[in-house]
Amino acid sequence: QLQLVESGGGLVQAGGSLRLSCVASGRTFSVYAMGWFRQAPGKEREFVAVIGWTGGMTYYGDSVKGRFTISRDIAKNTVYLQMNGLKPEDTAVYYCAADLIRRGAITGRAEYDYWGQGTQITVSS
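Everything quoted here is computed from the prediction, not taken from an experiment.

Q: Please clarify how the layout of surface pockets should be interpreted in this entry.
A: Empty space among the atoms can be located by rolling a probe the size of a water molecule over them. The calculated volume of the largest pocket comes to roughly 190 Å³. Together, 14 residues line the largest pocket, and Tyr 32, Ala 33, Ile 51, Gly 52 and Met 57 are the ones closest to its centre. No other element matches the 3 residues that strand S5 (residues 46–52) contributes to the lining of the largest pocket. The residue makeup of the lining of the largest pocket, split by class, is 8 nonpolar, 5 polar and 1 charged.

What follows is the structure, encoded as structure tokens:
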């Protein structure tokens, strides 16, 4: 079992920054990658970013590329999402997710085995 707890959400003005954290506990030794997704009201859950847990390779969704940065601290079992240049369209619930075994597309929701409870980000214009 793996538990994921996100924090760092809130309200921010357009152009501002926020940093999300996701702390993993449990069988963290078996994590292949950690990702961030988001879901706005009435929309599908969307891939944001992913980081390889051991190698640190990163990949971003087109809508956040150049503005968001994913990183991890293995010693703290924590993955971060630094969000700069926030836009109103970034408003969503952000979810942390853990991928234990690579099976398919790393950007797909079905790839991930565990999810956090989500944290709300609201960007005002």
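Q: I would appreciate a short explanation of unusual backbone geometry in the present structure.
A: In terms of backbone geometry, most residues other than glycine have negative phi values and most peptide bonds are trans. Phi at Asn 77 is positive, roughly 50°, even though this residue is not glycine. Tracing the chain through its elements places Asn 77 in the loop between strand S7 (68–73) and strand S8 (78–83).

Q: Sorry, what's going on with the environment of Gly 26 here?
A: Considering the arrangement of structural elements, one finds Gly 26 in strand S3 (residues 18–26). The spatial distance from the C-alpha of Gly 26 to the C-alpha of Gln 1 is 5.9 Å, given a sequence separation of 25 residues. If near-sequence neighbours (up to four positions away) are discounted, Gly 26 is found in contact with Gln 1, Leu 2 and Gln 3.

Q: I'm lost on the sheet that holds S3 in this one. Help?
A: Paired through their backbone hydrogen bonds, the strands of a sheet run either parallel or antiparallel. Taken together, 4 strands build an open sheet; the order of strands is S1-S3-S8-S7 and the sheet is antiparallel. Whereas interior strands pair on both sides, the edge strands pair on one side only; in this sheet they are strand S1 (2–7) and S7. Taken over all neighbouring pairs, the strand axes of this sheet differ in orientation by 15° on average, direction set aside.

Q: Just to check I follow, could you spell out the state of the cysteines for this structure?
A: Simply put, the disulfide is a covalent bond whose two ends are the sulfur atoms of two cysteines. Under the criterion given, the structure shown has 1 disulfide. In this model, Cys 22 is linked to Cys 96 through a disulfide, with the two sulfur atoms separated by 2.1 Å. Between Cys 22 and Cys 96 the sulfur-sulfur dihedral comes to about -75°; the bridge is accordingly left-handed. In this pair, Cys 22 is assigned in strand S3 and Cys 96 in strand S9 (residues 92–99), connecting sequence segments 74 residues apart.

Q: How do you make sense of the pattern of salt bridges when you look at a structure like this?
A: Once the charged atoms of two side chains with opposite charge are near each other, the side chains can pair. Scanning the entire structure with this criterion turns up 6 salt bridges. The salt bridge partner of Arg 38 is Glu 46, with a shortest N-O separation of 2.8 Å. Residue classification places Arg 38 among the buried residues on the basis of a relative accessible area of 6%. Judged by relative accessible area, which is 32%, Glu 46 ranks as partly exposed. The salt bridge involving Asp 90 is made with Arg 38; its shortest N-O contact spans 2.8 Å.

Quick notes on the rules
- Residues numbered from 1 in each chain as written.
- Predicted model: local features only at pLDDT ≥ 70, side-chain atom pairs only at ≥ 80, totals over all residues.
- Heavy atoms only, no water.
- 1 Å grid on protein atoms, 1.4 Å probe; cavity = no way out; pocket = protein on both sides within 12 Å on 5 of 7 lines; lining within 4 Å.
- Points joined across faces, edges and corners; volume = space filled by probe spheres on them.
- Helix = DSSP H or I, 4+ residues; strand = E, 2+ residues; numbered from the N terminus.
- Nonpolar A, V, L, I, M, F, W, Y, C, P; charged D, E, K, R; others polar.
- Contact = heavy atoms within 4.5 Å.
- Pairing = 2+ DSSP bridges.
- Axes fitted to C-alpha atoms, helices over the stretch in contact; angles between N-to-C directions.
- Disulfide = S-S within 2.5 Å.
- Salt bridge = Lys/Arg side-chain N within 4 Å of Asp/Glu carboxyl O.
- Buried < 20%, exposed > 50% of the residue type's maximum accessible area, 1.4 Å probe, protein only.

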